[in-house]
Amino acid sequence: MIHEVPIFHVDGAILAWAIVFVICLAVALLVGFVASLSAYGLGGPKMFVRILTGGLRDLIQVSPRRIGAIATLTFKEALRRKAFLIGLLFLVLFMFGGWFLSGTDLDKPAKPYVAFVMTAMSFLLILMSLLISCWGLPADIKDRSLHTVVTKPVRRSEIVIGRMLGYSTVLTIILVLTSLLGYAWIRRQVPDAAQNQLIARVPVYGQISFVDRNGEPARSGVNVGDIWEYRSFIEGGTKARAFWVFENLNVDTLRRAGNLRLEQSFEAFRTYKGKVDEEIRYSLWLLNPEKDLRVLVDRYPVREFTTDVSDAVVEIPAELPSSDSDGGTVNVFDDLMPNGKLVVEVACVDEQQYLGTAQNDLFVRMPDRTFLGAYAKASIGLWLMLVLIVMIGTTASCFVKGPVATLLTATAIFVGYVFKGQLNEMLLQLQSKGQILGGGTLESVYRIFTRMNQTTPLPENAGTDLIKSLDQGGFGMLRVINLIMPDLTYFNTTQYPANGFDVPFANVLLPSILITLGYFLPLVILGYFSLQLRELEHK
Amino acid sequence: MSESVIEVRNLSKVYRDFWGRPKVRALNSLSLDVKKGEIFGLLGPNGSGKTTTLKLLLGLLFPTEGQVRILGRPAEDVEKNERIGYLPEESYLYRFLNADETLDFYGRLFKMSSAERRQRRDDLIKLVKLEHARKRQLKEYSKGMTRRIGLAQALINDPELVLLDEPTSGLDPLGTRDMKDMILELRDRGKTVVMCSHLLADVQDVCDRIAILFRGELKVLGSVQELLEAKDETQIMTSHLSEEAKREVEEVLKKHGATVKSVSHPTATLEDLFLRTVAESESRPGRRFEPGERPSTENA
Ligand SMILES: Nc1ncnc2c1ncn2[C@@H]1O[C@H](COP(=O)(O)OP(=O)(O)O)[C@@H](O)[C@H]1O
Ligand SMILES: [Mg+2]
């Protein structure tokens, strides 16, 4: 199953970016202005304006030639400091990885190979991007080689951009090499029988709705007692149904392919009634409400534990026998998909048994793309993340030394990659309910020490009031962090090729591209002013 | 020799520690001008603020007080660097580059076509006599070789104003001679040179004007000629004189009421001046000598 990423709305994202950018800028300007006043008194504002206009000029009038020179220098530096050795490490890892992975007999044998290659690659390259980008500039300042550079007509913005570009180039080359190596390795190591799993399925997901056992619309199916509420169950032999509505299907593409393919991952729930050794079946109809058409496609067994991937596929020919019993046929593309809209109805055939369904349990499978393509797109996702890390690392290294910059950047990655989802959820909870179960940091600590249940209200006194108001400050901080930190969940593309899916552009690659671009300007501005406003002496 | 290339007014620099507390007052209220086309020497013992002064001129450090104008622009202006060359105290270059790559890299930071860059690179490598080592990485260079490539790097843009921090340190006598000749040649080509050094012979040989710094304070400022000239004494230098000729010269001098104090071969006297300045400053801190005035001889 694919771990879902939040839906990405381009307009909203750009607007949100602009708002956060403007707010950050305003705060920075205010802080700068106050700092100039306190440092230089009445001469401060004049100084402030001079630095600002100078900064604006330095950021606009950057020269590609000088950026190129610094990028080339950075590139050479990384190469001569033997950054490429990481590639060797990768090779060794492959040799050992192959050793461990061979002989596993999992139900999807191709998956561990792909997942292994992509995970190893991301891990090594993220580590490497972190290390090379955070140590270069501080070393340059410490050795004072930057002194010689800044006494040439180089703007410090060009140094920041040139460094970012240079490191990105190094990483791009290493990424291309390791991906090629990884691809060759996958092709060689995946057993012949599993090679056909190296595909890139292109799913189109629909919207699910339910009808209960009496034929009345329902919000969901039946709960059979699963703790996991992902699937909802429909009862067999009744009027209970699940419907999927797929919109905006490209009918021409499907017509060219000659048939309509659906793929399902339903789950059967067996009660003690009925026959234990019999397969549970579901039936599937295609509907066209406008023409009042309802065509039975067929009945299929649910084989959720099968190892044969083709069991999950429902192949629907272009012509189906019409249900009017006059021997006529219905054309799937002409009659059942008006304006690219397809309605699918699913019922459980067997009485007193249940069929578990979730929205993503049924999708239209568009013609497959090549695995190589999906693999390449996943690598591009990784590449975008590396570029983002390089940008953050370079900027951090403009104002702190190597170790601190590494720590800062690693924190940003951690928050963006691991913690961002939780943070978002928590803040949403806070927004909707006005509080978080168990409270903020201090309140939680208080509860731990007093062994108080999460749901028990706090006693009302000055101490707990203080705790609560301090926690509010903490939440405010978290909100700011949540706004500023990049959401790296979009960049995690490994799962797609590993599970045999294509990497979707609109919801995965596009957000990654926009996020990376969105951070470029603020980071360059931050890096520029950090370099511009400090003496390049090693402290 | 009238237009000022560098104007320094009341320049002070206090180094601060990480917490912003004052640590060292490296420069105290320095004022001086450097005129177009001259070779200006900044002298002083170690730690007297010479390097600090140069870094302030280049905008590498920010002044605590005072103003700097260099080529008519403020120190932090980037574009002035198009016309400036700087040789840092220890050639702070990229040790993983070779000589060719180094010059090419710095050349690319200026508006130069690649043909121009190559031409300039080859000329400079020849000028600093590094033809034999142009493909070796700088980390293999000796101190003297590093100085040479450092100078080449400073001249890559054919600058109007060259700032050299201890240009002869680490050079052998031959290298020192070469460096001095190159500096003189720069002046002949109309460039302005500011160099700082604690090697007095170097300064005496090439500088038109000097300033002596001691613990961040300007002690002496003036032309080398004027400062070293003893106004109440006259030195006559001739080719070798016979004993008889000497006696006759003495006769003539006696007739004019002058006495011969010594008859000897000329020696370097800048060293004297330097040592006297330091000694005087140590015993009477805060004193500054007016142009033309010299520290008294008694203290030496
Ligand atoms: N980065 C620095 N931090 C603190 N003190 C410094 C720094 N650089 C120089 N100093 C101090 O400033 C004084 C002048 O140094 P400098 O200008 O390098 O002298 P010079 O070049 O004449 O030998 C010295 O006392 C030195 O210790
Ligand atoms: Mg010095």
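First, a word on what this report is: a plain description of the structure on this page. (Residues numbered from 1 in each chain as written. Chains lettered and ligands numbered in written order. Predicted model: local features only at pLDDT ≥ 70, side-chain atom pairs only at ≥ 80, totals over all residues. Heavy atoms only, no water.)

1. Brief notes about the coordination of the magnesium ion (ligand 2)
Residues and elements named next belong to chain B. Binding of the magnesium ion (ligand 2) to the protein goes through Thr51 (OG1) and Glu89 (OE), at separations of 2.0 to 2.3 Å. In this pair, Thr51 sits in helix α1 (residues 50-58) while Glu89 sits in the loop between β6 (84-87) and α2 (99-108), placing the two residues 38 residues apart along the sequence. By relative accessible area, Thr51 is classed as buried at 16%. Among the residues examined, Glu89 registers a relative accessible area of 28% and is labelled partly exposed. (Donors = N, O, S within 2.8 Å, 3.2 Å for Na, K, Ca; no water. Helix = DSSP H or I, 4+ residues; strand = E, 2+ residues; numbered from the N terminus. Buried < 20%, exposed > 50% of the residue type's maximum accessible area, 1.4 Å probe, protein only.)

2. So, the pattern of salt bridges
Under the criterion given, the structure shown has 49 salt bridges over all chains. Glu76(B) is the salt-bridge partner of Arg50(A), the closest N and O atoms lying 2.7 Å from each other. In this pair, Arg50(A) sits in helix α2 (residues 44-60) while Glu76(B) sits in the loop between β5 (73-74) and β6, so the two residues belong to two different chains. Given a relative accessible area of 49%, Arg50(A) falls into the partly exposed group. Owing to a relative accessible area of 38%, Glu76(B) belongs among the partly exposed residues under this scheme. Where Glu101(B) meets Lys76(A), a salt bridge forms, and the shortest distance between an N and an O atom there is 3.5 Å. With Glu101(B) in helix α2 and Lys76(A) in helix α3 (residues 64-80), the pair connects residues from two separate chains. One salt-bridge network, held together by shared partners, links Arg201(A), Arg261(A), Glu263(A), Arg365(A) and Asp368(A). (Salt bridge = Lys/Arg side-chain N within 4 Å of Asp/Glu carboxyl O.)

3. With respect to the sheet that holds strand β14 (residues 354-357) of chain A
All names here are of chain A. The three strands are arranged β4-β14-β7 in an open sheet whose pairing can be described as antiparallel. Lying at the two open borders of the sheet, with one neighbouring strand each, are β4 (232-235) and β7 (267-269). For this sheet the average axis-to-axis angle between neighbouring strands, irrespective of direction, equals 35°. Relative to β14, β7 runs antiparallel, the two being bridged by three bridges. When the sheet's bridge partners are listed, Glu267 is paired in β14 with Gly356. (Pairing = 2+ DSSP bridges. Axes fitted to C-alpha atoms, helices over the stretch in contact; angles between N-to-C directions.)

4. Considering the site of ligand 1
Taken together, 13 residues form the shell around ligand 1, and within it Gly47(B), Gly49(B), Lys50(B), Thr51(B) and Thr52(B) come nearest. This site is not confined to one chain, since residues near ligand 1 come from chains A and B. Here Gly47(B) contributes a backbone N or O atom positioned 2.7 Å from an oxygen atom of ligand 1. A distance of 2.5 Å is found between an oxygen atom of ligand 1 and a side-chain nitrogen or oxygen belonging to Thr52(B). (Near = heavy atom within 4 Å. Polar contact = N/O pair within 3.5 Å; in protein donor to acceptor, adjacent residues only side chain to side chain.)

5. What to know about the pairing of strand β9 (residues 293-301) of chain A
All names here are of chain A. Bridge count for strand β8 (residues 281-288) against β9 is eight bridges, and the pairing is antiparallel. Paired with Arg281 across the strands is Pro301, a residue of β9. Two successive antiparallel strands, β8 and β9, enclose a turn made up of four residues, where Asp292 displays a positive phi of approximately 60°.

6. Structural notes on the packing of helix α1 (residues 10-40) of chain A against α2(A)
All names here are of chain A. It is the contact of α1 with α2, at a shortest axis distance of 8 Å, that shows an interaxial angle of 135°. Considering the angle they form, α1 stands oblique to α2. Crossing angle aside, the handedness with which α1 passes α2 is right-handed. For the pair formed by α1 and α2, the contact residues are Leu29, Gly32, Phe33, Ser36, Leu37 and Tyr40 on the first element and Gly44, Pro45, Met47, Phe48 and Leu52 on the second. Its residues assigned to classes, the contact of α1 with α2 comprises eight nonpolar, three polar and no charged. (Parallel < 35°, antiparallel > 145°, perpendicular 65-115°, else oblique. Left-handed = near helix turned anticlockwise from the far one by under 90°. Contact = heavy atoms within 4.5 Å. Nonpolar A, V, L, I, M, F, W, Y, C, P; charged D, E, K, R; others polar.)

None of this, on its own, says anything about what the molecule does.
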